[in-house]
Structures are given as structure tokens and as C-alpha cells.
Amino acid sequence: MYYIIYPLFYLLSLLPWRVMYFIADGLYILVFYLFGYRKKVVLNNLLIAFPDKTEKERIRIAKDFYHNFIDTIVETIKMISISTKEADKRLVGNIKVLNDLYSSGKNVQLLAGHFFNWEFLNHWIPRHSLYPFVGVYQPLSNKVMDKIIYDMRAKNGTILIPTKHFKNQFRSYVKDRYALGLAADQNPPSDLKAHWVPFFNRLTPFILGPEKGAKLNDTHVVFCHFYKVRRGYYEIKFELITSDPLSYNDGQLTKLFAAKVEQAVKLKPANYLWSHRRWKWSFDRAKHAALEIK
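## Quick notes on the packing of aromatic side chains
Argument step 1. Per the stated rule, a full pass over the model turns up 31 aromatic pairs.
Argument step 2. Pairing Phe 50 with Trp 274 gives two aromatic rings, centres 6.0 Å apart and planes at 65°, and the pair type is edge-to-face. Of the two residues, Phe 50 sits in the loop between helix H3 (39–49) and helix H4 (55–78) while Trp 274 sits in the loop between helix H11 (252–267) and helix H12 (285–293), which places them 224 residues apart along the sequence. For the pair shown, Phe 50 and Trp 274 are each scored as buried.
Argument step 3. Look at Phe 65 and Tyr 66: their rings are 4.9 Å apart centre to centre, the planes differ by 65°, and that puts the pair in the edge-to-face class.
Argument step 4. Grouping aromatic residues by their ring pairs yields a cluster made of Phe 50, Phe 115, Phe 199, Phe 200, Phe 206, Phe 223, Phe 226, Phe 257, Tyr 272, Trp 274 and Trp 279.
Argument step 5. Lying over the aromatic face of Tyr 2, Lys 147 brings its terminal NZ or CZ to 5.1 Å of the ring centre.
Argument step 6. Residue placement shows Arg 278 over the ring face of Phe 206; its charged tip is 4.6 Å from the ring centre.

So, in C-alpha cells, the structure goes:
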């Protein structure tokens, strides 16, 4: 099936950008107006995040989010055949912040939220970074699509590690220097295995793995904010958070990261993946107090 489906996607990726975005506009109408894909989740998230905005303002953000979401899908298809020259026209960034750290001898942990369009990073960073770029990914259940996406992400040298292998097999994939990219705003598998920090005026669980990894390996910690400048064009800004993660108390780096994500989202509200249930868990003070006593 791969040798049937892949050529179809490759041919689709050769369509001009204006045609792809015409298709995206049609898909937007279907997804937002006809199917209402996760619309209740999106609008509820926006209500939690922006209670002071009017309903009309939140709906406007939601519509812009769906445009960005669909654009990401068609842009991902374009990534199958995009040239490096074309990609470099469409994403720019202050890579010097990252490369200036290389001579320190320490590795880097890159922390980001689910901003649009993350697929450009897999294409751009490995070609511009002195560090080998490492990404953690969740394999797709469909083996054909998984291979297509994997090959697209890895073709410029990104080292991809499946989530299920990351904890125990990281060093079998990465031998020496690395910049490890993590979308660190996922929901934790359990609210009891997380660090609760303020996020849009509500206590929210964040996974502790990125902070623990930074301390265990004594890496530089760099925040990545990437966002759409205009349709099809993006910018990434690297910001060094610390070169000494061990100087932070437990939970402090996670709290700082959450604050960075919130600040970035407030600047570009429609640039965030609102369709995931960011506030899936509710803080139960009694339950967590009982756990601390044990």
C-alpha cells in the first residue's frame, strides 16, 4: 500500500501553494461549519483562557485557529517534496542563539508549546543547527501514513525517537551532542504524575519529564516560540532560559516554561493547538494533599 499511497501524496505535494491553500479553504468550511471537529473543546478552552473576551472575539480566534490547523495539514503535505531553498524562504529564525551554545560542550533541551507550524522545524533546524536535532514522536497506528510522516520528518537528518523507546533507549539513538526538541505542554497521563502550575489563571498539570531530563543531563534549556507571520511563512525565536538547570528548585523550570507558553499564546492566540484538552484534569487539593502525606 505504501507504494500506492506515497506517490499520490507526492504528486499532491507538487501542486502550487495557491492551489493547496484553495483546498485548505474548502476543508476549513467542512471542518468548522459542517463537521464541527472538536469545536466544543476549542471554544471551552478559549473561554477558560480568555474569559474577559467577548463571545464574538473568542469565535474569531476559533475560526483563525481552524484556518491555521488546516493550513498545517496541507503544508505538511507540501513538506514531502519541498526544496531546502523554498523551506528557507518560509521559515526564518535566530539560530545563532542555539549555535552560540555549542562551544560550551553542553547539550541543549528545546522546549516548545504546540504552536503552528511545528513541521517546518523538522525540516529547518537540522540544516541550520550545529547540534544534531532530536525529536520525540508518537508513531501512527496506520503503518503506511506513519512511514510517510517519518520519512518526511527525518529526511534532513532529524533523529526521531518513538515515545515508547525514549526513556530507556535514548542513548541507543543519540551518542554524543544533541539538541532535544520537546513539545512539553502535553497533558500528563495522570494528574497525580504531574506538576501543577498556574496557566491562564487556573492550576494546570504539566509533565515533569522535560525538567527532570534537563537536570539529569545538565543541559542548556531553550524556549522556542514559532508562529505564523503570514500565510505560509513562519518565524522561530530561540530564547535561552538557563544554562544551569540544577540551580532551580523542583518545579521551577516547569512553572517558568508554562509562563513562557502562556505569554506566547497571548501574543498569537490562534497560533496554539486549542483542539487538545489542555484542562482535562481538575486540581483536587484534598487528593493531592493525601498523596503528599503518604
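## Re the pairing of strand E9 (residues 233–242)
Argument step 1. The pairing of strand E1 (residues 91–93) with E9 spans 3 bridges and is classified as parallel. Bridge pairing in E9 links Gly 93 to Ile 236.
Argument step 2. Examined bridge by bridge, strand E8 (residues 220–230) and E9 share 9 bridges and lie antiparallel to one another. Among the inter-strand pairings, Lys 228 is bridged to a residue of E9, identified as Tyr 234.
Argument step 3. In textbook terms, the turn of a hairpin is the stretch between consecutive antiparallel strands, and for E8 and E9 this stretch comprises 2 residues, one of which, Gly 232, has a positive phi near 85°.

## With respect to the sheet that holds strand E4 (residues 159–162)
Argument step 1. Spatially, the 7 strands line up as an open sheet ordered E1-E9-E8-E2-E5-E3-E4, and their pairing is mixed. Each edge of the open sheet is held by one strand with a lone partner, namely E1 and E4. Direction aside, the axes of adjacent strands within the sheet are offset by 30° on average.
Argument step 2. On top of the sheet, helix H7 (residues 119–128) reaches E1, strand E3 (133–137), E8 and E9; it is set at about 65° to E9, its chief contact.
Argument step 3. Packing of helix H10 (residues 209–217) onto the sheet brings it into contact with strand E2 (108–112), strand E5 (179–183) and E8, and relative to E2 it is tilted by some 165°.

## What to know about the pattern of salt bridges
Argument step 1. Counted according to the given criterion, the structure contains 15 salt bridges.
Argument step 2. In this structure, Lys 147 engages Asp 151 in a salt bridge whose closest nitrogen and oxygen atoms are separated by 3.2 Å. Of this pair, Lys 147 and Asp 151 both sit in helix H8 (residues 143–154), separated by 4 residues, roughly a single helical turn.
Argument step 3. What you see here is one network of salt bridges that share partners, running through Asp 25, Asp 71, Lys 228 and Arg 231.

## Section: the packing of helix H2 (residues 17–35) against H4
Argument step 1. Close contact between H2 and H4 brings their axes to 9 Å; oriented N to C, the two are set at 135°. Viewed along their axes, H2 and H4 adopt a mutual orientation that is oblique. Regarding H2 and H4, the two cross each other, and that crossing is right-handed. When H2 is examined against H4, the residues Trp 17, Met 20, Tyr 21, Ala 24, Asp 25, Leu 27, Tyr 28, Val 31, Phe 32 and Tyr 33 are found in contact with a partner set consisting of Lys 63, Tyr 66, His 67, Ile 70, Asp 71, Val 74, Glu 75, Ile 77 and Lys 78.
Argument step 2. Taken together, the residues that form the contact of H2 with H4 break down as 13 nonpolar, 1 polar and 5 charged.

## Observations regarding the environment of Phe 115
Argument step 1. On the secondary structure map, Phe 115 appears in the loop between E2 and H7.
Argument step 2. On the basis of relative accessibility, which here comes to 2%, the residue Phe 115 falls in the buried class.
Argument step 3. Distance from Phe 115 to Tyr 227, taken between C-alpha atoms, is 6.5 Å for residues 112 residues apart in sequence.
Argument step 4. In this structure Phe 115 touches Phe 223, Cys 224, His 225, Phe 226, Val 261, Ala 264, Val 265, Asn 271 and Tyr 272, once residues within four positions along its chain are discounted.

Rules used throughout
Residues numbered from 1 in each chain as written. Predicted model: local features only at pLDDT ≥ 70, side-chain atom pairs only at ≥ 80, totals over all residues. Heavy atoms only, no water. Phe/Tyr/Trp six-rings, centres within 6.5 Å; stacked < 30°, edge-to-face > 60°. Helix = DSSP H or I, 4+ residues; strand = E, 2+ residues; numbered from the N terminus. Buried < 20%, exposed > 50% of the residue type's maximum accessible area, 1.4 Å probe, protein only. Lys NZ or Arg CZ within 6 Å of the ring centre and 35° of its normal. Pairing = 2+ DSSP bridges. Axes fitted to C-alpha atoms, helices over the stretch in contact; angles between N-to-C directions. Contact = heavy atoms within 4.5 Å. Salt bridge = Lys/Arg side-chain N within 4 Å of Asp/Glu carboxyl O. Parallel < 35°, antiparallel > 145°, perpendicular 65-115°, else oblique. Left-handed = near helix turned anticlockwise from the far one by under 90°. Nonpolar A, V, L, I, M, F, W, Y, C, P; charged D, E, K, R; others polar.

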